[in-house]
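Architecture and fold: a report
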There are 2 protein chains.
Amino acid sequence: MSRLEEIVDAAQRLLEDEGPGAVSMRRLAAELGIQAPSLYKHVDGKDRIEAELQERALTELAAALQPAADLRDLAHAYRQWALLHPRLYELTARRPLHRDQLRDGVETAASARLVALSGGDVDRARALWAAAHGLVDLELAHRFPEGADVQAAWDALVAAFDRVADREDGELDPLCRQP
Amino acid sequence: MSRLEEIVDAAQRLLEDEGPGAVSMRRLAAELGIQAPSLYKHVDGKDRIEAELQERALTELAAALQPAADLRDLAHAYRQWALLHPRLYELTARRPLHRDQLRDGVETAASARLVALSGGDVDRARALWAAAHGLVDLELAHRFPEGADVQAAWDALVAAFDRVADREDGELDPLCRQP
DNA sequence: ACCTGAACACCGTTCAAGT
DNA sequence: ACCTGAACACCGTTCAAGT
């Protein structure tokens, strides 16, 4: 295991266990038993460490979404992953993506399943992606009232987009059948 | 104008002009021609200043959304306000809300119009709110590809929710009419 | 090749002291 | 009542020096 990997591992551990405030170069160095300036022999700076964590998060998220068979599955998998790795999700979603330091394809892999399930309509895929992100973001930030039924909001979202999908696929919409 | 108001004004100016990194207690004090520790005679801490800015933002956003006549209007007003005040939006949406320091009603006022236009269905209102937030959040974070048609994504979102609304209102949905 | 100590330019905040 | 200077416990980062 390279020294860089050790550093990123320690960063992930600190982030997930103690929150973003704990991920400082000095704390990180202490975790490896060295001094802070020594880190710069293995990493160009803190941004690089963040980029590495963003890449790990996107790769894991992509893997979690991959098996989804429909929008409901996808929504569920998205929410579950985010709730399991809230700090990692926040780091990846709320902060600027260090795109130049991401391996090619990592970003699109995460959205591939989504685009596929949106019938190839990129605009709808983006709206859905944003909606899922928004729901997770608001939930993680504790923006919903105390007893709010977050799952019901997800259901409402999936319902809205499912119906549109049905429509544009030309499928029969049960709500359209007249008795 | 109270000293507190002067401080918050300076904070808003710094935030909007130079970004969140510029809003430090030392910089803020310099802006008022005093030393940093003196600020603590007028404010309990930096969190209080942030809470004050969040309150201003929510109040302004609520006012911007108030005249919206339909979902399309609302979506447009939401996006426009966020793009006009990106730093303020980020401060309010991405960081924990200092709820205990917000005047009562400020938060619900911002969402009142949304709930009204969702036909009173809170779950749909939350999904829509989250979707709007997500679209703005991703746009501000430059998460969409270079030439992405963000407006088209908004249109897709409004379309999805408009149709559901039509349905549940029992109105005739034009796409359901058979020739 | 890897690490250290000292330093630089910053943070938010506390506190005794001054007017 | 309002402000200051010095201090505390932190940041990310640089750099000459050591092994």
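The model shown is predicted, which means the values in this text are computed figures rather than measured ones. (Residues numbered from 1 in each chain as written. Chains lettered and ligands numbered in written order. Predicted model: local features only at pLDDT ≥ 70, side-chain atom pairs only at ≥ 80, totals over all residues. Heavy atoms only, no water.)

**A short note on the relation of the copies chain A and chain B**
Both copies of the chain are tied together by a single rotation about an axis and a shift running along it. Expressed as a screw transformation, the operator carrying chain A onto chain B has a rotation angle of 180° and an axial translation of 0.0 Å, and the superposed copies differ by an RMSD of 0.0 Å. This pairing of chains is accounted for by a two-fold axis. Comparing interface residues between copies, 100% of those in chain A also lie at the interface in chain B; the contact surface is shared. (Least-squares fit on C-alpha atoms with pLDDT ≥ 70 in both. Contact = heavy atoms within 4.5 Å.)

**Focus on the pattern of salt bridges**
Close approach of charged atoms allows side chains with opposite charge to pair. One pass over the full model with this rule turns up 18 salt bridges over all chains. Residue Arg27 of chain B is joined to Glu31 of chain B by a salt bridge in which the shortest nitrogen-to-oxygen separation is 2.9 Å. Taken together, the positions of Arg27 of chain B and Glu31 of chain B, both in helix 2 (residues 25-32) and four residues apart, correspond to about one turn of that helix. For Glu31 of chain B, a relative accessible area of 34% gives the class partly exposed. Beyond isolated ion pairs, a larger network of salt bridges with shared partners links Glu18, Arg27 and Glu31 of chain A. (Salt bridge = Lys/Arg side-chain N within 4 Å of Asp/Glu carboxyl O. Helix = DSSP H or I, 4+ residues; strand = E, 2+ residues; numbered from the N terminus. Buried < 20%, exposed > 50% of the residue type's maximum accessible area, 1.4 Å probe, protein only.)

**Some details on the interface of chain A and chain B**
On the side of chain B, 39 residues touch chain A, which itself brings 39 residues to the contact. Where chain A abuts chain B, roughly 3200 Å² becomes buried across the two surfaces, and 60% of that area is made up of carbon and sulfur atoms. At the surface where chain A touches chain B, the tally comes to zero salt bridges. For the interface between chain A and chain B, the tally reads four residue pairs in polar contact (both at pLDDT 80 or more). Considering each element in turn, the side of chain A that touches chain B owes the most residues, 12 residues, to helix 7 (residues 122-140) of chain A. Across the side of chain A that touches chain B, the residue classes tally to 21 nonpolar, four polar and 14 charged. (Buried area = accessible area lost by both parts, 1.4 Å probe. Polar contact = N/O pair within 3.5 Å; in protein donor to acceptor, adjacent residues only side chain to side chain. Nonpolar A, V, L, I, M, F, W, Y, C, P; charged D, E, K, R; others polar.)

**A few points about the packing of helix 7 of chain A against helix 7 (residues 122-140) of chain B**
Between two packed helices, what matters for the description is the angle formed by their axes and the separation of those axes. Two numbers describe how helix 7 of chain A lies on helix 7 of chain B: the axes approach to 6 Å, and their chain directions differ by 105°. With respect to helix 7 of chain B, the axis of helix 7 of chain A lies roughly perpendicular. When helix 7 of chain A is examined against helix 7 of chain B, the residues Arg126, Ala127, Trp129, Ala130, Ala131, His133, Gly134, Leu135, Asp137 and Leu138 of chain A are found in contact with a partner set consisting of Arg126, Ala127, Trp129, Ala130, Ala131, His133, Gly134, Leu135, Asp137 and Leu138 of chain B. For the contact of helix 7 of chain A with helix 7 of chain B, a count of residues per class yields 12 nonpolar, four polar and four charged. (Axes fitted to C-alpha atoms, helices over the stretch in contact; angles between N-to-C directions. Parallel < 35°, antiparallel > 145°, perpendicular 65-115°, else oblique.)

**Observations concerning the packing of helix 4 (residues 71-84) of chain A against helix 7 of chain A**
All names here are of chain A. For the pair helix 4 and helix 7, interaxial distance at closest approach is 10 Å and the crossing angle is 35°. Once helix 4 is placed against helix 7, the crossing between them reads as right-handed. Residues Leu71, Tyr78, Arg79, Ala82 and Leu83 of helix 4 lie in contact with helix 7, whose contacting residues are Leu128, Trp129, Ala132, His133, Val136, Glu139 and Leu140. A class-by-class count of the residues in the contact of helix 4 with helix 7 yields nine nonpolar, one polar and two charged. (Left-handed = near helix turned anticlockwise from the far one by under 90°.)

**What about unusual backbone geometry?**
A negative phi angle is the norm for most residues apart from glycine, just as the trans form is the norm for most peptide bonds. All names here are of chain A. With phi around 55°, His142 is a residue other than glycine that occupies positive phi space. Among the secondary structure elements, His142 is positioned in the loop between helix 7 and helix 8 (150-169). Residue class for His142 comes out exposed when judged on its relative accessible area of 61%.

**Re the protein's contact with DNA strand D**
The immediate surroundings of DNA strand D are formed by 16 residues, with Arg26 and Tyr40 of chain A together with Gln35, Ser38 and His42 of chain B found nearest. Close to the protein, within 4 Å, the atoms of DNA strand D are drawn from sugar and phosphate at a rate of 50%. Ser38 of chain B places a side-chain nitrogen or oxygen 3.1 Å from a phosphate oxygen of DNA strand D. In the environment of DNA strand D, a phosphate oxygen lies 3.4 Å from a nitrogen or oxygen atom belonging to the side chain of His42 of chain B. (Near = heavy atom within 4 Å.)

**Re the confidence of the model for chain A**
All names here are of chain A. Scored by pLDDT, chain A comes out at a mean of 88, with 91% of its residues at no less than 70. Within chain A, helix 8 has the poorest average pLDDT of any element, 80, and helix 2 (residues 25-32) the best, 98. Per-residue pLDDT stays below 50 along residues 167-179; that stretch engages in 17 contacts with residues further than four places along the chain or on separate chains. (pLDDT = per-residue confidence, 0-100.)

**Comments concerning the domain arrangement of chain A**
All names here are of chain A. On domain assignment, one finds that chain A holds domain 1 (1-43) and domain 2 (50-166). Computed over C-alpha atoms, the centres of domain 1 and domain 2 are 28 Å apart. Taken together, both faces of the contact between domain 1 and domain 2 bury some 760 Å²; the carbon and sulfur share is 62%. Where domain 1 meets domain 2, there are one salt bridge. In this structure, Arg56 engages Asp9 in a salt bridge whose closest nitrogen and oxygen atoms are separated by 2.8 Å. Where domain 1 packs against domain 2, one counts three residue pairs in polar contact (both at pLDDT 80 or more). When the residues that make up the side of domain 1 that touches domain 2 are grouped by side-chain class, the tally is five nonpolar, two polar and three charged. (Domains from an automatic or database assignment.)

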